[in-house]
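Here is how the chains run, residue by residue.
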Amino acid sequence: MYRLFFALRITAFLLVSLSIYTPNLFAQAPVISYTTPHTYKVNASITPLVPTNIGGAVPFNAYGEVSTLTGLGGPGGLINGPVAIAKFNGTRDAAVDDQGNIYVVDDNNRIRKITPAGIVEPFAGSGAIGFVNGTGAAASFAYPTAITVDNNGNVYVCDNNNHAIRKITPAGVVTTVAGNGTIGFSDGLGAAAMFHTPCGITVDAAGNLYVADQFNNAIRKITPAGLVTTMAGNGSYGAINGTGSGATFSQPVDVAVDAAGNVFVADEGNSLIRKVTPNGVVTTVAGRGSSGFADGVTTSAVFSFPSGIVIDAAGNLYVADAVYNQRIRKITLDGMVTTLAGNGNIGFTNGIGTSATFSYPYGIGIDKNGNLYIADCANSAFRKIGITGYTIDKPLPAGLVFDAKTGTISGTPTALSPPTVYTITAYNGSGSSKTTVNIQVADIALLPSVITFPPPMVVYIDADNILHPDATSTNTDPETPITYTSSNPNVAYVGPDGQIHVIAPGLTTITAHQAGNENYSPAVPVAVPFNITQDQVITFPALAVKTTCSSDFPVGATSSNNTIPLTYVSSNTAVATVSATGNIHIVGLGSATITASQSGNNLYNAAVSKSQPLTVSPPVMPSVTISPPGVMAGCDGMEYTYTADAQNAGNNATYQWMLNGQNSGDHSKTFTSSTLQTGDIITCVVINNDECVPLTSPVSNQATIKNSAYTTLSLSISSSVSGTITSGTPVTFKAQPSNVQDNPTYQWYVNGQTVGTNSATFTSNTLADGDMVSCDMASGGMCIVNPLVNSNVITVAVIVPEKIIVPNTFTPNGDGHNDTWYIPGLLSYTNCIVNIYNRYGAIMYRSVGYQHPWDGTANGKTVPAGAYYYVIDTKSTSGKLSGEVTVLR
């Protein structure tokens, strides 16, 4: 099947490629320039003209130079080992990781690896056609076509005939990222997605994969989680620009992605280079849409079924234009299409630019150093093209040579040439830089170069120890500067920077030299003896203020030359003297000036004397404060602690505490006592023991004690009623505290359960017989012994009243039977009120309590027989009762 499929691809020119974007090593583009103009003498060797570069470095490569990385260019095979003997069978693709390992695809159904040491090794794949995951040779593929590497060294493969995307870890473990081995066109996660002959693949810095899904005519995206979506294309053939599924492709075979997430497509069937933005907008970058060959700007350029595409760090595109054109093309950011390498002929020739030949260069990759790798399929080889170095736009005058690796112009011009402007371009992985240089070759006579030294010949060394002879020449061309040599490197030597570095005083001969150039002949060297003497520089730091107790101390002055001793003088020996060895001795109070001097000799000049003032002051008296200051309020027996804060007390201070003027304490920084009383006064002095005599501070500030005696709280409660009460009768209890200092809080209890609110009273009408009522009180304040106190307990006696049954008649006739209106139930309601009215509303009887029932009289007189109206107020929860009672006679 593969041979048939391969033949169909050759017929339709549907060729596969590599897409890989790797960040370039060179973070900055070069910025070059040359001195210009130059007029050279015919048949006279020129001083090499070297470019100045203030930008990113340019690697040592010849721009556009094609070489063979590995593969013999003959019949295919399968041989591992050194690149010089390795064989491949129809190379397909290559990708490079950050360590310089190159992963390659060939038609042996294997992924192979070329190490930085140049050894070809097996990496993954058994060689047998299959769809098997595993490690190394245990895995199998079905005609893999394209490959890419992410930032972690994971390799991703377009497994063409398995219609899947495979992953290979750095350890060689093969798994399936997306696709399930069957043809289809569906988005989804992992194996749920389907492809139709995926041919090109690339990866961005975030780990997203982009796939040229060839026969689905679509560009697909795979997230690191394995989710497959369609960026652009709808499965139909065409060359329509648009957004998402509104755009069409014709068998896209490769993709490359830039740092902004734009995807560039080798749209093979349309012979176009297309661009897909992250939002899926498709436009044409270059090409007319017809097969052919032409360089030019954007759509004026022509391709012939482009099969591979990559992008460098500067945003330039490189295209494998394989089938008819056999060339590698370049597209710059401004859309200019040029030929980087190849001349359209089939062959296996190395060289620069169009001098090289290829045989169906399908795949193309790039490394971080700015090198392209070409899968030269029919040559069964991998080729390398340098895209860094220098180029020049036209041939130089005869005899002059341009070095494409360094940009240097050198040689001997052999023919006259008019002034001509040459454009030179420098390339590195981050971009390029153009500059011009004007060169003329003429038949001119060279001017003499004459060197002159100015006097004097006895010089002093500068502060930077650089000798500046300041020789001049009639040749002022900066390209041929004056250089120097020294006869005595123990006195002065010429460093790599060209300057004369003096390391010791003495005698040396300095010789000046100057080379010739296109305008001047070389100068006759001029030698001049220099007697070098060196200045001595005294450094004398400021002297600290001293006291009469200060010990002897060194002056502290130093000199740049330690071979001649310093001498010292004190302006006031009554204050301080200086020994011959430079130690200062304090004599008394006052001020003096200390002067350091240094004499000279035949090698060293006398130093400029340096002076510093010295002040001797009386010792600084210590002082002390204590805290907490002022009055401290507390309780009898409380422990108090005071702390001393001393100034100028030295390193061995002692403290003397005083209580009411009498020494106390243990000479430490703190004083603690629990026996202080109201009116006690605490003070302290500190003694500095570091000086020649002890120095005692004035007495500190005072601290005073104000104590209070401890008090005991008490609490009693009382009831609003005494004796037995009737159930339902409201009772109020009142708390009566003593010795309370601030707002107390109360908690009432009935039988030990909390009731009531934070109040000094508690009222309830639901008490039962035997209930015990008590109260707790909490109170703050100074010096309280018992801030929480319990009250006495009041036990409540409660009776349940008998049911009230009111008779509606009685017979007060003196027969001893039913002579009174007797209501036994009211005996329990000791506070009840009973009123009886006649039919006119006059009151006949009133009683508080009902210990004496109504006997049918009013004001001592017998009431007439008849009906009377009663109102009974029980003064309890039983409420009021009313009705009629009839008196019978």
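Fair warning: this is a prediction, and the values are worked out from it, not measured in the lab.

> Would you take a moment to explain the overall build of the protein chain for this structure?
The helix and strand inventory of the protein chain stands at one helix and 83 strands. By the compact-globule yardstick of 29 Å for 889 residues, the protein chain is too spread out, its C-alpha radius of gyration being 57 Å. By principal-axis analysis of the C-alpha atoms, the protein chain measures approximately 175 × 110 × 50 Å. Within the protein chain, the proportion of its 889 residues that are buried is 48%. Long-range contacts, defined here as pairs at least 24 residues apart, represent 55% of the contacts in the protein chain between residues at least 6 apart. Accessible area of the protein chain: about 39000 Å², with a carbon and sulfur share of 55%.

> Teacher, can you tell me more about the state of the cysteines here?
Between two cysteines, a covalent bond joining their sulfur atoms is known as a disulfide. Taken as a whole and assessed by the stated rule, the structure comprises two disulfides. Here Cys549 is linked by a disulfide to Cys692, with a sulfur-sulfur distance of 1.9 Å. On the S-S bond that ties Cys549 to Cys692, the torsion sits near -50 degrees, and the link is left-handed. Taken together, the positions of Cys549 in the loop between strand S49 (546-547) and strand S50 (553-554) and Cys692 in the loop between strand S64 (681-688) and strand S65 (695-696) put the pair 143 residues apart, joining distant regions of the chain. Assessed through its relative accessible area of 51%, Cys692 is described here as exposed. Each sulfur of the disulfide joining Cys635 and Cys783 lies 1.9 Å from the other. Since a negative S-S torsion denotes a left-handed disulfide, the Cys635-Cys783 link at about -100 degrees is left-handed. Pair noted here: Cys635 is in strand S59 (residues 630-635) and Cys783 is in the loop between strand S73 (772-778) and strand S74 (788-790), with a separation of 148 residues, a long-range link. As far as the burial class goes, Cys635 and Cys783 line up, both buried. Assigning the bonded cysteines of the protein chain consecutive numbers by sequence position, one obtains the connectivity 1-3, 2-4.

> Whenever I open this one, the pattern of salt bridges confuses me. Can you help?
Side chains carrying opposite charge are able to pair once their charged atoms draw close together. One pass over the full model with this rule turns up 12 salt bridges. Close ionic contact of Asp106 with Arg112 constitutes a salt bridge, the shortest N to O distance being 2.8 Å. When salt bridges that share partners are traced, they join Asp187, Asp213 and Arg220 into one network.

> Explanation requested: the UniProt feature "repeat: NHL" (unreviewed entry) in the protein chain in the structure shown.
Those places that UniProt annotates as "repeat: NHL" (unreviewed entry) correspond, in this numbering, to residues 141-171. For residues 141-171, the helix share is 0%, the strand share is 52%, and the end-to-end C-alpha distance is 17 Å.

> Would you explain the environment of Gln598 in this entry?
Tracing the sequence through the fold places Gln598 in the loop between strand S55 (590-597) and strand S56 (604-605). For the pair Gln598 and Asn561, spaced 37 residues apart in the sequence, the C-alpha separation amounts to 9.4 Å. The contact partners of Gln598, leaving out residues within four places of it in the chain, are Gln536, Ile538, Ser559, Asn561, Ile564, Pro565, Leu566, Ala606 and Ala607.

> Got a minute to help me understand unusual backbone geometry in this structure?
Leaving glycine aside, a negative phi is the common case for residues, and trans is the common case for peptide bonds. Backbone torsion omega between Thr36 and Pro37 reads 0 degrees, so that peptide bond is classified as cis. Among the secondary structure elements, Pro37 is positioned in the loop between strand S1 (32-33) and strand S2 (38-41). A positive phi is found at Ser380, a non-glycine position, where the angle reads about 50 degrees. Topologically, Ser380 is positioned in the loop between strand S32 (371-376) and strand S33 (381-386). Although it is not a glycine, Asn859 adopts a positive phi angle of roughly 55 degrees. Along the polypeptide, Asn859 turns up in the loop between strand S80 (857-858) and strand S81 (861-862).

> Whenever I open this one, the pairing of strand S70 (residues 745-750) confuses me. Can you help?
The side chains of a regular strand alternate, first on one face of the sheet and then on the other. Sheet topology places S70 next to S73; six bridges connect them, and they run antiparallel. When the sheet's bridge partners are listed, Thr745 is paired in S73 with Ala778. Bridging between S70 and strand S71 (residues 753-755) involves three bridges; their strand directions are antiparallel. Note on S71: the bridge partner recorded for Tyr749 is Thr754. Connecting the antiparallel pair S70 and S71 is a turn made up of two residues, with Asn751 showing a positive phi of about 55 degrees.

> Can you walk me through the packing of aromatic side chains in this structure?
What characterises a pair of aromatic rings is the spacing of the ring centres plus the angle enclosed by the ring planes. Applying the stated rule across the entire model yields 16 aromatic pairs. Taking 6.2 Å as the distance between ring centres and 65 degrees as the angle between the ring planes, the aromatic pair formed by Phe453 and Phe530 counts as edge-to-face. Pair noted here: Phe453 is in the loop between strand S39 (451-452) and strand S40 (458-460) and Phe530 is in strand S47 (residues 526-535), with a separation of 77 residues, a long-range link. For the pair Phe453 and Phe530, a shared accessibility class is recorded, and that class is buried. Measuring from ring centre to ring centre gives 5.7 Å for Trp657 and Phe671, while their planes differ by 20 degrees; the resulting arrangement is stacked. Of this pair, Trp657 sits in strand S61 (residues 654-659) while Phe671 sits in strand S63 (residues 670-673), placing them 14 residues apart in sequence. The same class applies to Trp657 as to Phe671, namely buried. Through pairs of rings, three or more aromatic residues link up here, namely Phe810, Trp821, Tyr845, Tyr850, Trp854, Tyr868 and Tyr870. The positively charged end of Arg327 is found above the aromatic ring belonging to Phe293, 3.6 Å away from the centroid. We note Lys546 situated over the ring of Phe553; from NZ or CZ to the ring centre the distance is 4.3 Å.

> Teacher, can you tell me more about the sheet that holds strand S16 (residues 198-203) here?
Ordered in space as S15-S19-S18-S17-S16, the five strands form an open sheet in which the pairing is antiparallel. Both edges of this open sheet fall to strand S15 (188-189) and S16, since each of them pairs with a single strand only. The sheet contact formed by S15 and strand S19 (residues 227-232) spans two bridges and is antiparallel. Within the sheet, the bridge partner assigned to Leu189 lies in S19 and is Leu227.

> Sorry if this is basic, but what is going on with the environment of Leu881 here?
Mapping Leu881 onto the fold places it in strand S83 (residues 880-887). On the accessibility criterion, Leu881 (27% relative accessible area) is partly exposed. Along the chain, Leu881 and Ile804 lie 77 residues apart, while their C-alpha atoms are 9.2 Å from each other.

The rules behind the values
- Residues numbered from 1 in each chain as written.
- Predicted model: local features only at pLDDT ≥ 70, side-chain atom pairs only at ≥ 80, totals over all residues.
- Heavy atoms only, no water.
- Helix = DSSP H or I, 4+ residues; strand = E, 2+ residues; numbered from the N terminus.
- Rg over C-alpha atoms; globule rule 2.2 N^0.38 Å.
- Buried < 20%, exposed > 50% of the residue type's maximum accessible area, 1.4 Å probe, protein only.
- Contact = heavy atoms within 4.5 Å.
- Areas by Shrake-Rupley, 256 points an atom, 1.4 Å probe, with all protein chains shown as cover.
- Disulfide = S-S within 2.5 Å.
- Salt bridge = Lys/Arg side-chain N within 4 Å of Asp/Glu carboxyl O.
- UniProt positions renumbered as here; feature names shortened; annotations may be inferred.
- Pairing = 2+ DSSP bridges.
- Phe/Tyr/Trp six-rings, centres within 6.5 Å; stacked < 30°, edge-to-face > 60°.
- Lys NZ or Arg CZ within 6 Å of the ring centre and 35° of its normal.

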